[in-house]
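Take a look at the letters that make up each chain.
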Amino acid sequence: MEDLYLQVLDVGNMNDWQRKSPLDWETYVNKMVKVAAIEKHEYEGWVLTVDPVSASIVLATFLENEKVSISVVLGHAIQEVEILKEGDDEMKQRLSCIFAPEESKAYSPEEEEKRKNALKTWLETNHIPVTEQGESGRTLCVAGVLTIDPPYGPEECSSSNEIILSRVQGLIQGYLEKQQ
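This one's a predicted model, so the numbers in the text were calculated from it and none came from an experiment.

**Q** Explain the sheet that holds strand β8 (residues 139-142) to me, please; I cannot follow it from the model alone.
**A** What links the strands of a sheet is backbone hydrogen bonding, and the strands pair in either a parallel or an antiparallel sense. The strand order across the open sheet formed by four strands is β7-β8-β9-β10, and the pairing between neighbours is antiparallel. What marks the edges here is a single partner per strand, and that holds for β7 (130-133) and β10 (157-158). The sheet contact formed by strand β9 (residues 146-148) and β10 spans two bridges and is antiparallel. Bridge pairing in β10 links Ile 148 to Cys 157. Its contacts with the sheet place helix α4 (residues 109-125) against β7, β8 and β9, and it is angled at close to 150° to β7.

In structure tokens, the structure reads:
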């Protein structure tokens, strides 16, 4: 996963940028921009999104070693936004993956079913009670107190019992490491 650095930039009443509509702001998404802010501050980066309430722009800048710097320029500080470059399909894909979890690889329905069945069998082999729940049986339920959703990794575990959650996540992590 790419390392992330986050900084909020607050550099100084309602300006022209804040008066734009969300549809106007959407035209800036996935584009390289230069933002002129108050006190002669300038910021460049790829627009990930614009907050529709505050008009703040979230910019991504790609650094070396696959790291990403995220900056937030607050809406009230923005004086002008200039589009420098359109994002191609590759850049759009790269931007869309910044906040995606590492395990969010797209699995086909067949691969997903195979992962679910393998994990369920492994849990049953280790005497951990597991059932399938939901309309399509996509969610695994462990001991009636923990659920595991696709793609069936530790991050997809959910339980109000922190101890059980932690232990089952650890078991699944170990199971997945042995699979590789």
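Don't stop here, the text continues.
**Q** Sorry if this is basic, but what is going on with the packing of aromatic side chains here?
**A** Inspection of every chain in the model, using the stated rule, returns three aromatic pairs. Between Trp 17 and Trp 25, the aromatic rings sit 6.1 Å apart at their centres with planes inclined by 45°, giving tilted as the arrangement. Seen in terms of ring centroids, Trp 122 and Tyr 175 are 4.9 Å apart; in terms of plane orientation they differ by 35°. Their pairing is tilted. Of this pair, Trp 122 sits in helix α4 while Tyr 175 sits in helix α5 (residues 162-179); the two residues are 53 residues apart in sequence, bridging distant segments of the chain. What makes Trp 122 partly exposed here is its relative accessible area of 23%. You can call Tyr 175 buried: its relative accessible area is 6%. Taken together, the ring pairs in this structure connect Trp 17, Trp 25 and Tyr 28 into an aromatic cluster.

**Q** When you look at the pattern of salt bridges in this model, what are you seeing that I'm missing?
**A** Pairs can form between side chains of opposite charge whenever their charged atoms are close. Applying the stated criterion across every chain yields a total of six salt bridges. With a closest N to O distance of 3.0 Å, Arg 19 and Asp 16 form a salt bridge. Of the two residues, Arg 19 and Asp 16 both sit in helix α1 (residues 16-19), three residues apart, roughly one turn of that helix. Taken as a pair, Arg 19 and Asp 16 share a single burial class, namely exposed. Measuring nitrogen to oxygen at the nearest pair gives 3.3 Å for the salt bridge that ties Glu 113 to Lys 116. Taken together, the positions of Glu 113 and Lys 116, both in helix α4 and three residues apart, correspond to about one turn of that helix. Several salt bridges share partner residues, and in doing so they unite Glu 113, Lys 116, Lys 120 and Glu 132 into one network.

**Q** Explanation requested: the environment of Val 68 in the structure shown.
**A** The topology assignment puts Val 68 in strand β5 (residues 68-73). Linking Val 68 and Ile 98, residues 30 residues apart in sequence, is a C-alpha distance of 7.9 Å.

About the cut-offs
Residues numbered from 1 in each chain as written. Predicted model: local features only at pLDDT ≥ 70, side-chain atom pairs only at ≥ 80, totals over all residues. Heavy atoms only, no water. Pairing = 2+ DSSP bridges. Helix = DSSP H or I, 4+ residues; strand = E, 2+ residues; numbered from the N terminus. Contact = heavy atoms within 4.5 Å. Axes fitted to C-alpha atoms, helices over the stretch in contact; angles between N-to-C directions. Phe/Tyr/Trp six-rings, centres within 6.5 Å; stacked < 30°, edge-to-face > 60°. Buried < 20%, exposed > 50% of the residue type's maximum accessible area, 1.4 Å probe, protein only. Salt bridge = Lys/Arg side-chain N within 4 Å of Asp/Glu carboxyl O.

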